[in-house]
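Okay, here's what each chain looks like letter by letter:
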Amino acid sequence: MSDKNKKSKTNPWLVIGVIALIVLLFGWLTFADMAGDTDVSSSTNFSTDNPTAPANTPTDAL
């Protein structure tokens, strides 16, 4: 048999696994976004009261 005549067949379990991983990733990111547990949301809390304070330090507690 020649390699040119042989059709490359995609394994259906590979496709199912990739789709499942993508669905789990979107579910994980959605849950983290709803819970507010993302690195993006914590890095956008900039303090305007004290420019020398780190971004995540609450200035009210000082």
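Further up the page is the structure itself.
Residues numbered from 1 in each chain as written. Predicted model: local features only at pLDDT ≥ 70, side-chain atom pairs only at ≥ 80, totals over all residues. Heavy atoms only, no water.

## Examining helix α1 (residues 12-35)
Heads up, the rule is: Helix and strand assignments follow DSSP, with helices taken as H or I runs no shorter than four residues and strands as E runs no shorter than two, numbered in order from the N terminus. Multiply 1.5 Å by the residue count of a helix minus one, and that product is the helix's expected span. For each residue, the accessible area found with a 1.4 Å probe, counting protein chains only, is set against the maximum for its type, and the residue is called buried under 20%, exposed over 50%, and partly exposed in between.
The end-to-end C-alpha separation of α1 is 35 Å, in line with the 34 Å expected for 24 residues at 1.5 Å each. Little of α1 sits out of view: just one of its 24 residues are buried. Note on α1: the residue one or two positions beyond its end, G36, has a positive phi of about 75°.

## A few points about a nonpolar patch on the surface
Quick note on the threshold: Like charges are joined within 9 Å and nonpolar side chains (Val, Leu, Ile, Met, Phe, Trp, Tyr) within 5 Å, but only among residues with over 30% relative accessible area and no salt bridge; these make up the patches. In these tables, accessible area is a Shrake-Rupley quantity obtained with a 1.4 Å probe, and a residue counts as shielded only by the protein chains included in the view. For this analysis, a salt bridge means a side-chain nitrogen from Lys or Arg found within 4 Å of a carboxyl oxygen belonging to Asp or Glu.
Together, L14, V18, I22 and F26 line one region of the surface with nonpolar side chains, adding up to about 390 Å² of accessible area. Among the residues examined, I22 registers a relative accessible area of 42% and is labelled partly exposed.

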